[in-house]
Amino acid sequence: MTAAYLFLDRDAGVMRYSAAGHPPLLRWRRDELETRELEENGLPFGLMDLADYAQLEQPLQLGDRFLLYTDGLVDATNAAGEFFSVERVKAAVSTSAGLSADDVAELILEKTRAWADGTADDDLTLVVVDCV
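Residues numbered from 1 in each chain as written. Predicted model: local features only at pLDDT ≥ 70, side-chain atom pairs only at ≥ 80, totals over all residues. Heavy atoms only, no water.

Caption draft 1: Structural context of the nonpolar core. Counting residues in hydrophobic clusters, the biggest one holds 20 residues, and the most contacted among them are Leu-67, Tyr-69, Leu-73, Val-89, Ile-108, Leu-126 and Val-128. Elements with a contribution of two residues or more to this core: β3 (25–29), β7 (65–69), α1 (71–74), α2 (86–94), α3 (101–115) and β8 (126–130). In terms of residue count, the dominant contributor to this core is α3 (five residues). Leaving out residues up to four positions away in the same chain, Leu-126 has contacts with Leu-67, Leu-68, Tyr-69, Leu-73, Ala-105, Ile-108 and Leu-109. One finds Met-15, Tyr-17, Leu-38 and Cys-131 within the second-largest nonpolar core, a separate group that totals eleven residues. (Core = buried A, V, L, I, M, F, W, Y, C linked by side-chain atoms within 4.5 Å. Buried < 20%, exposed > 50% of the residue type's maximum accessible area, 1.4 Å probe, protein only. Helix = DSSP H or I, 4+ residues; strand = E, 2+ residues; numbered from the N terminus. Contact = heavy atoms within 4.5 Å.)

This is how it looks when you write it as structure tokens:
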């Protein structure tokens, strides 16, 4: 089983992230206008009795946008067998500055479904979080 957590501490001005076999967290920063992958990943749960899970901590800024998602989103394939890919998700996030978190999620799901001709082989799950 994979898992990820994202903790936004506005009082301290930091974000904390960790994952267990999960796709990288995506972070868009208003001051950079670029979406970056943040990966702090351990093994999926259940593979070993004991496993270490490190935590990534970075400064948090108002206007930051975060995207947590399952692999079904980036692994959706088109008729030619090409993956939708994290690069296409990042591009959609990077061009969504004026949209709400809900609208960004819907935009990405629409693009993914269109890529996969309306049918995905796996779940398409995502959570968009804006720091306001």
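What follows continues from the structure just given.
Caption draft 2: Inspection of the pattern of salt bridges at higher detail. Evaluation of the coordinates by the stated rule reveals ten salt bridges. A salt bridge links Glu-32 to Arg-36; the shortest N-O distance between them is 2.9 Å. For Arg-36, a relative accessible area of 41% gives the class partly exposed. The residue Asp-130 makes a salt bridge to Arg-65 at a minimum N-O spacing of 2.6 Å. Of this pair, Asp-130 sits in strand β8 while Arg-65 sits in strand β7, and the two are 65 residues apart along the sequence. (Salt bridge = Lys/Arg side-chain N within 4 Å of Asp/Glu carboxyl O.)

Caption draft 3: Expanded view of the pairing of strand β4 (residues 34–38). Taken together, the five bridges between β3 and β4 define a ladder with antiparallel strand orientation. By the bridge assignment, Arg-29 is partnered in β4 with Glu-34. As consecutive antiparallel partners, β3 and β4 are separated by four residues, and within that stretch Leu-33 has a phi angle of approximately 55°, a positive value. (Pairing = 2+ DSSP bridges.)

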